[in-house]
Amino acid sequence: MKLAIRLRERSFLTYVFMLAVAPVAFSEGTRTWEQSKFEDLSKGTAAGVAIRSVGGLELAPAVKPLSTTPSTYIWSIAADQSGNLYAATGAPARVYRVTPDGQSTTIFEPQELQVQALAVDKTGILYAATNPDGKVYRIEHLAIAPANKGSTEVGKNKSASEFSASVFFDPGTKYIWDLVFDNSGNLYVATGDHGEIFRVTPRGEHSVFFKSDEAHIRALTVDAKGNLIAGSDGSGLVYQIKPDGQGFVLYSAPKKEITALAIDQAGNIYAAGGGEKRGGSTPPIFPPAVPATPTPASAAAQSGVMVLNLGPAASGLAGGIPFPGAGATGGSEIYRIAPDGSPSRIWSSAQDLVYALAFDRAGRLLAGTGNRGHIFAITGEDQFVDLLKASASQITAFAEAPGGGLYVSTSNLGKLFLLGGSPEAEGSYESDVFDAKVFSRWGHAEFRGAGNVELLARSGNVDNPDRNWSPWKPVALEKDPVLNVPPARFVQWKARLHAGSVAPSVDGVLLNYLPKNVAPDFDDVSVQVGVRYQPLPKPVGVPDTSATATGVVRFDAPPPSTRDRDSIGVKWTVRDDNDDQMVYSVYYRGDGDTRWLLLKEGLTDKFYSFDASLLPDGGYTIEVQASDAPSHSPGQALRSVRDSARFEVDTTPPRIDDLKAAIEAEQIHVIFRAVDGFSNIKRAEYSVDAGDWQYVEPVGQLADSKTASYDFQVAVPSGASPGHGLESKKMSAEHVVVVRVYDRFDNMDSAKAVIRGK
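Not measured: the values here are computed from a predicted model.

## A short note on the pattern of salt bridges
Here is step 1 of the chain: Scanning the model with the defined rule gives 33 salt bridges in all.
Here is step 2 of the chain: Taking the shortest distance from any N to any O, the salt bridge between Glu276 and Lys255 comes out at 2.9 Å. In this pair, Glu276 sits in strand S23 (residues 269-276) while Lys255 sits in strand S22 (residues 255-263), placing the two residues 21 residues apart along the sequence.
Here is step 3 of the chain: For Glu276, a relative accessible area of 31% corresponds to the partly exposed category.
Here is step 4 of the chain: Here Arg372 and Asp352 are joined by a salt bridge, their closest N and O atoms 2.8 Å apart. Residue Arg372 is found in the loop between strand S27 (365-370) and strand S28 (374-380), and its partner Asp352 is found in the loop between strand S25 (343-349) and strand S26 (353-359); the two are separated by 20 residues along the sequence.

## Looking at the sheet that holds strand S50 (residues 694-696)
Here is step 1 of the chain: The antiparallel open sheet is built from 4 strands, whose spatial order is S50-S49-S52-S53. Taken across any chain shown, the strands that pair with only one partner, and hence form the sheet edges, are S50 and strand S53 (748-756). Going across the sheet, the axis of each strand differs from the next one's by a mean of 25°, ignoring polarity.
Here is step 2 of the chain: Inspection of the sheet shows strand S49 (residues 681-688) paired to strand S52 (residues 734-743) by 7 bridges, in the antiparallel sense. Pairing of Tyr686 across the sheet is with Val739, part of S52.

## Details of the environment of Arg740
Here is step 1 of the chain: Looking at the element boundaries, Arg740 is found in strand S52.
Here is step 2 of the chain: Judged by its relative accessible area of 18%, Arg740 falls in the buried class.
Here is step 3 of the chain: Each C-alpha atom of the pair Arg740 and Ala674 lies 9.2 Å from the other, and the pair is 66 residues apart in sequence.
Here is step 4 of the chain: A polar contact is formed between the side chain of Arg740 and the side chain of Glu685, at a distance of 2.6 Å.
Here is step 5 of the chain: Only 3.5 Å separates the side chain of Arg740 from the side chain of Tyr742, close enough to count as a polar contact.

## A look at the environment of Gln116
Here is step 1 of the chain: Residue placement: Gln116 occurs in strand S10 (residues 114-120).
Here is step 2 of the chain: Within the structure, the side chain of Gln116 is placed 2.5 Å from the side chain of Gln114, a separation counted as a polar contact.

## A few points about the pairing of strand S34 (residues 434-450)
Here is step 1 of the chain: For S34 and strand S37 (residues 488-498), the ladder comprises 3 bridges, and the chain directions are antiparallel. Residue pairing across strands places Ser440 opposite Ala488, the latter belonging to S37.
Here is step 2 of the chain: As paired strands, S34 and strand S38 (residues 505-515) are joined by 9 bridges and run antiparallel to one another. From the neighbouring strand, Phe447 faces S38, where its bridge partner is Val509.

## Overview of the side chain of Lys606
Here is step 1 of the chain: Mapped onto the secondary structure, Lys606 falls in the loop between strand S42 (597-603) and strand S43 (607-611).
Here is step 2 of the chain: Within the local environment of Lys606, its side chain forms a polar contact with the backbone oxygen of Val574, the two atoms lying 3.0 Å apart.
Here is step 3 of the chain: Beyond its immediate stretch of four places on either side in the chain, Lys606 contacts Asp556, Val570, Lys571, Trp572, Val574 and Tyr584.

## Topic: the sheet that holds S43
Here is step 1 of the chain: Taken together, the 3 strands give an open sheet; going across it, the order is S39-S40-S43, and neighbouring strands pair in antiparallel fashion. Strands at the two margins of the open sheet, each flanked by one partner only, are strand S39 (521-533) and S43. Strand after strand, the sheet turns through a mean of 20° between neighbouring axes, direction not considered.
Here is step 2 of the chain: Where strand S40 (residues 561-575) lies against S43, 5 bridges are found, and the strand directions are antiparallel. Residue Gly569 lies in a different strand from S43, and its bridge partner there is Ser609.

## Things to note about unusual backbone geometry
Here is step 1 of the chain: Following Ala91, the chain continues to Pro92 via a peptide bond in cis, the omega torsion being 0°.
Here is step 2 of the chain: Take Pro92: it is sitting in the loop between strand S7 (85-90) and strand S8 (95-98).
Here is step 3 of the chain: In this structure, Asn412 is a non-glycine residue whose phi angle is positive, near 50°.
Here is step 4 of the chain: The topology assignment puts Asn412 in the loop between strand S31 (406-411) and strand S32 (415-423).

## Re the pairing of S23
Here is step 1 of the chain: Of all the 8 residues making up S23, 7 are buried; the element is thus mostly covered by neighbouring parts of the structure.
Here is step 2 of the chain: Examined bridge by bridge, S22 and S23 share 7 bridges and lie antiparallel to one another. Paired with Ala262 across the bridge in S23 is Tyr270.
Here is step 3 of the chain: Hairpin geometry of S22 and S23 is characterised by an intervening segment of 5 residues between the two adjacent antiparallel strands and by a positive phi of about 90° at Gly267.
Here is step 4 of the chain: In the sheet, S23 pairs with strand S24 (residues 332-337) via 6 bridges, with the strands oriented antiparallel. Looking at S24, one finds that Gly273 is bridged to Glu333.

What counts, and at which threshold
- The residue numbering used here restarts from 1 in each chain and proceeds along that chain's sequence as written.
- Predicted model: local features are reported for residues with pLDDT of at least 70 only, side-chain atom pairs are reported and counted for 80 or more only, and whole-chain, interface and lining totals are derived from all residues.
- Computation of side-chain values covers all heavy atoms of the structure but excludes hydrogens and water.
- Take a side-chain nitrogen of Lys or Arg and a carboxyl oxygen of Asp or Glu: if they are within 4 Å of each other, that pair is a salt bridge.
- The helix count covers DSSP runs of H or I at least four residues long, the strand count covers runs of E at least two residues long, and both are numbered beginning at the N terminus.
- With a 1.4 Å probe rolled over the protein chains alone, any residue whose accessible area is under 20% of its type maximum counts as buried; one over 50% counts as exposed, and the rest are partly exposed.
- Here, any two strands with at least 2 DSSP bridges between them count as paired.
- Inter-axis angles, ranging from 0 to 180 degrees, are taken between N-to-C directions of lines fitted to C-alpha atoms, where helices are fitted over the stretch in contact.
- Think of a polar contact as two N or O atoms within 3.5 Å of one another; within protein, one of them needs to be a possible hydrogen donor and the other a possible acceptor, and neighboring residues in sequence only count if both atoms come from side chains.
- Note on contacts: a residue pair is in contact if any heavy atoms of the two residues lie within 4.5 Å.

Right under this line is the structure:
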C-alpha cells in the first residue's frame, strides 16, 4: 500500500512569551555599558556620596562619628541647649551623655531592661522612660554631689557627683513608647498595653489625657497649634488630639503601625507606617534574648556589623519587650497629611522599615530606616536621595544639632553620629563590577555630570578586583577620555567628587568596549520522529539593545510541539558568548553516504520540522550549522557545527503476501506472510466478520525480523457454520477475514480474504 501524505487539521495553544522574560535583542560590533539609573548605581560602593532615585550621584552630607556605645540598641536621643547629646539604650539599659567634644559618660542605669524614650525640657532637665513595667525618671545635672541619696533616687549612677535620677511618673502600664513636651511644659507619655496617653504637668500632676481603642500608642509630636499628634500600633491610626483631650482620627494608614511622626513648617504631618494589617487583634512581637554585652573596649574594636534576628520569639520569653516594627513585613510607607486633612502616600519601600523622621537644614524630610541602615532624603512624590549607609542595621532616631546638623543614632551596633548641615568636601563612588562575558578591548568613556569630578577605571580577568587587577587609571575627561586599561573580561569605574563653586554631580557614565568574537557553542542537537514544532510569535517593536550590555539573561522559550507521525522535528541548543545574532542551516546524511545534503538554510529559530516522506526509509544523521554572520562584517563571522545522534526513518508500510483462509473442521484456517523493506515486523491482528481485533503471534512467536509468517486457526462464529440444520442452510455461508500488520514505526498494511461455503 503506497503511503500518501495526509494533511490533517491541527490545533495547538498559542505560545506566548512570559512577561517576566525580557525580549532578546542583539548588537553588533562596539557595545556599551551605561550606569545612570538608581537600581544600577545602588549596586556600587559609595563613600560620602549620595545616590538620587532619578539617577546620578552627588555629595552626601558630612558625617562625623561621635561614639560607639557598649549597648546594642539605641532607642531614642535628645539634645539640650548646650549641645550635649543623650542616648537611651538597651542591652544594657543605660542613658549616655555625649558632650560636644565627644566625651561619653554613663549618667543613668535603671533596673528595667531598657530605656525607651527621652525628652529634655526648657530648663535642660532630662526625662527618661523605661520598659517593661517602666517609669518616667527625672535626671538632673547637679552642681555639687549630694550628701546622701533620698528614697526617690533610683538607679546606679556612675557620675553621681553630677547627675541625680528620681521617679517622676509611674503610669502603671506595661510599656512606655514615647515622650514629648508641649509649649506649656506639660509632658505627654505614650503607653501600651492599653493605648493610653498621660499628661504630666510641670508640678508632677498626672492624668489620662487620651484613651485609644488601640493596644499601643507608638509615636508622639506636637503641632504649631498645640495639638498632640499620635500614631498607633494595631490599625495604623494617626490621631489629632486637641488640648482638651478630644481626639480625631486624621488618617487610617494601610499599614499596621505608625512608627514615626514629623511636622514641617507649613503644617504638613508626615507619618511612617510599617507592617501588614491582619484581621483580629495582633499581639506584640517579641525579640529574641539579648546576647552578651561587649565591653566598651571590645565594642570599639568591632569593625563589622552585628545583626540580630528580629523575628518572633517564643511567647513565653521572660522579660520580653515588644520591638517597634519587629516582625513587620511588606516594608514601609510615608504619608503626608496636608493642613486641610487630605492624605497622600509620598514614598514606599519593600525592603526598608522607617524608624525615625526629621528635617534637614534645607527642609528635606529625612527617613532613618532598617534593616539595612540607610538614611533617605525624600525630595518629592516617590523621589528620594539615598544619603548614606551606616555601619549598623537600623537608623533609630534623630535629634537637632548645632549648626543646622542632626544627631543620628543606630542599633546593631549602638552608635552615634553627627550628620552635618553641609556636604562632604570630597566623596568617592566605585561602580559595580561589569562582566563583558568575554575578553574585550575597552574604548572611550562618555561622562555626563557637572563640577569637579575625577573618573578612573581598572580592569581584570577575575570577578574580584582585589585579585590582581590593573591599578586605577585616570580618564582624561577634558581631552581624550579613553580607558587606559588592559583588555580584559571585567571592568570597573570610580568617580571622585570634590566640592567647589559648582556642586559636583555624576549623571551617568557609559563605557564603550569591543568583545573578541568567539564561535557559537552547541550544547545539543536532538531529533524526534513523529513531532512537528510550531513557529513562535515574533516580538514586535523590540529595541536593538544587547542583552549582555543591559545585564538581561537571555531565555529561549521551548517551541510548542504536536504529534505528527508524518513529520520529523529537529531542535538544538546553542549559545554565543558575544550574544551575537545567529543564523542556522540544517543538513542530513544517510547511512553509508559521504556527502551532507542541505535541508534548510537561513533559519533564525532553534528548531525545524520537515515531512518525513522527503527521506527514503533508512538511518540518518542531522547536522546543524550555526553562524554569527548577521552580527559581523563579511569575512569576520565564525561558525560551529554539531551532529545529532543517528535516527531512523520508515514511512513505508509492510506488505502482506499470500493471504489464504479456509474452513477446516469447523475452524477457519488462516495463513499469510508479512514483509517490510526496512524495519522489523512489530505485531499482527485479525478480525472475523467485523468482530473485535485479536492479536496473533507469528510462527515461532518471536517478532524479530523484517519477515514474519503467520499460521493460525480460529473458530467459525457461532450460528453460522454450514450443514447444521435447516435454519443454517438458509443463512449465508460467507465469512470475511481481515488481517493487519505493523512495523516498528507503526506503519500499517491490511488485507482481507472472503470464505464462501459450498
